[in-house]
Amino acid sequence: MGLSDLIAGGMDATAATELLLNVVWTIVGATLVYFMQAGFAMCEAGFTRAKNTGNILMKNMMDFVLGSLFFFIFGFAIMHGTDWNGIIGIKGFFNPTTLADADGLFNGLPIGVFLIFHTVFCATSATIVSGSMAERTKFLAYLLYSAAISIFIYPVTGHWIWGGGWLAQMGFHDFAGSTAVHMVGGICALVGAKILGPRIGKYDKEGNARAIPGHNLSIAALGVFILWFCWFGFNCGSTTAASTNLGDIAMTTNLAAAAATLATLVVTWIRYGKPDVSMTFNGSLAGLVAITAGCDTVSNYSAIIIGLIAGILVVFSVEFFDKVAKIDDPVGAISVHGVCGFTGSILVGVFSPKYTLKTQVIGVLSTVAYVLVMAIIVFTIIDKTVGLRVTKGEELDGLDIHEHGCSAYADFNFRL
C-alpha cells in the first residue's frame, strides 16, 4: 500500500509519509542485521581450523533457517503475544499476523515489518553459540539447540525486556540487545562449551592452555568489518522509526567500538609484547556489544568510556575462561557477548541519568539465572539423547569430512 492508498483510506498525509519512512528504515535495518550472519560466519571460520570451515558455515546458515521458522511458529507469540503476568506471551502461535490491529499494524508498523525485524534478532542470538562450541559438536545436536533457543530461551527473556513483560514494566533498559540478544547467546555459549568439554590438544597434562590458531585471519577480519558495518542497522534500526536520533545512536555505537579496539590493542601490546591481531578484532566486537544496551541514551564521551571498559575487560575475560575456568571457547564468544553484554547493560545505570543501576542489575541477573537454567536443561537433554560431541577420530579428521562429506578447501594442501 503506497502513500496515495493510505491517504485515500483516510490517513493524514503527514502520518502516512511518516509510516512509510518508518517501514523503509526498519526494513533496511533488518537486512543489515540479517547480513550479520555473514559476518559471524566469516569471523568464526577464520578463527577456527580449515578442516572445520564448512561445518561452521553450515551452522551459521541453519541458525537463521531454523530461527526464522521456529520464531514465526512459536517464538514471536511468546515474545510479543498478549502478556500473561509479565512472564510470557500467550497469543499468536502458528500465525503471528493475528496480533495485528484492524489496520494491520503492530507497535505502529505493519505486522510483517515488525516480525521480520525481530526474526533477524532471534537468529543473531542463536548464532553466537556456534563459535564457542566449534570443532567438536555434532551437527544434529547443534540443530536441536538452535531450535530450542528460538522457542524456549530467547523469546521468554525477550518478552520480559521488549514484549511488555515484568522487566519492561520495572524500567529495565536494553535498547538494542546487549542483554536480550548478546548476553543470552553468551550464556548459552558458556553452558554449551562447558558441557561439551575442550578440544583435543587444548590443554596439556598439567592443564596448561595451548593456543590453537585459526586458519585465516583475513577471513576473520572481514567478518569483524561486516559485523561493525551491520551494527549500525542493529542499533540504529532498533528505533524502528526514521527518527532524528539515528545519528546520535550511530555515533555512540561507533565511538564505543573504536575505543574498545584501541584499548584491546594497547592492553595486548603491553601484556604480550606485541599487539595481538585476533584479540584486537575481538575488542571491536566487545565494544559494539557493550554499547548496544545504552546507545540511545548515553553521551558520546560515556560511549567512549564504555568502549574502553569493554576493550580492557575482554582481554582478561578471555584469559580467565581459557586458563582458569578451563572452558575452551575458540572464538571468545563467551567473553565478547556474555561478559561484555552483561557489563554494558549494567553500565546503562551508571552513565544514563534516565535509568537506575539497581534496575539494570536486577534485569541482568534475572536474565542470567533463567538462561543458565534453561541452557543447562537443553544441552543436558541433547547430550543424553543424541549426544553433543563427535568421536575422537571425527574431531581429529575434521567435521567437514565426517559431518558433511566435503572439504571447504578441496584440492588444497594445508596444515590441519
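Before reading further, recall that the structure is shown in the block above.
Conventions adopted
Residues numbered from 1 in each chain as written. Predicted model: local features only at pLDDT ≥ 70, side-chain atom pairs only at ≥ 80, totals over all residues. Heavy atoms only, no water. Salt bridge = Lys/Arg side-chain N within 4 Å of Asp/Glu carboxyl O. Helix = DSSP H or I, 4+ residues; strand = E, 2+ residues; numbered from the N terminus. Buried < 20%, exposed > 50% of the residue type's maximum accessible area, 1.4 Å probe, protein only. Axes fitted to C-alpha atoms, helices over the stretch in contact; angles between N-to-C directions. Parallel < 35°, antiparallel > 145°, perpendicular 65-115°, else oblique. Left-handed = near helix turned anticlockwise from the far one by under 90°. Contact = heavy atoms within 4.5 Å. Polar contact = N/O pair within 3.5 Å; in protein donor to acceptor, adjacent residues only side chain to side chain. Nonpolar A, V, L, I, M, F, W, Y, C, P; charged D, E, K, R; others polar.

**Some remarks on the pattern of salt bridges**
For step 1, the next point in the chain: Tallying each qualifying case throughout the model produces six salt bridges.
For step 2, the next point in the chain: In this structure, Arg271 engages Glu319 in a salt bridge whose closest nitrogen and oxygen atoms are separated by 2.8 Å. Here Arg271 is found in helix 9 (residues 246-272), whereas its partner Glu319 is found in helix 11 (residues 300-324), with 48 residues between them in sequence.
For step 3, the next point in the chain: Of the residues examined, Arg271 reaches a relative accessible area of 43% and is grouped as partly exposed.
For step 4, the next point in the chain: We classify Glu319 as buried; its relative accessible area is 11%.
For step 5, the next point in the chain: Ionic contacts of the salt-bridge type, sharing partners, join the residues Arg49, Glu135, Arg199 and Asp328 into one network.

**Structural notes on the packing of helix 5 (residues 139-162) against helix 7 (residues 178-196)**
For step 1, the next point in the chain: The N-to-C vectors of helix 5 and helix 7 enclose an angle of 140°; their axes lie 10 Å apart at closest approach. Relative to helix 7, the element helix 5 is oriented oblique. The interaxial crossing formed by helix 5 with helix 7 has right-handed handedness. Seen from helix 5, the contacting residues are Tyr145, Ile149, Ile153, Tyr154, Thr157, Ile161 and Trp162; seen from helix 7, they are Thr179, Ala180, Val181, Val184 and Cys188.

**Quick notes on unusual backbone geometry**
For step 1, the next point in the chain: The phi torsion at Asn107 lies on the positive side, around 55°, for a residue other than glycine.
For step 2, the next point in the chain: Located in the positive-phi region is Glu135, a residue other than glycine, with phi close to 75°.
For step 3, the next point in the chain: By the element assignment, Glu135 lies in the loop between helix 4 (111-132) and helix 5.

**What about the side chain of Thr297?**
For step 1, the next point in the chain: Tracing the backbone shows Thr297 in the loop between helix 10 (277-291) and helix 11.
For step 2, the next point in the chain: Within the local environment of Thr297, its side chain forms a polar contact with the side chain of Ser352, the two groups lying 2.8 Å apart.
For step 3, the next point in the chain: Thr297 has contacts with His173, Val348, Ser352, Lys354 and Tyr355, leaving out every residue within four places of it along the chain.

**Re the packing of helix 4 against helix 7**
For step 1, the next point in the chain: The contact between helix 4 and helix 7 brings their axes to 8 Å, and the two run at 30°. Overall, the two elements helix 4 and helix 7 adopt an arrangement that is roughly parallel. Regarding helix 4 and helix 7, the two cross each other, and that crossing is right-handed. For the pair formed by helix 4 and helix 7, the contact residues are Phe121, Thr124, Ser125, Ile128, Val129 and Ser132 on the first element and Ala180, Val181, His182, Val184, Gly185, Gly186, Cys188, Ala189 and Ala193 on the second.
For step 2, the next point in the chain: Here the residues of the contact of helix 4 with helix 7 sort into nine nonpolar, six polar and no charged.

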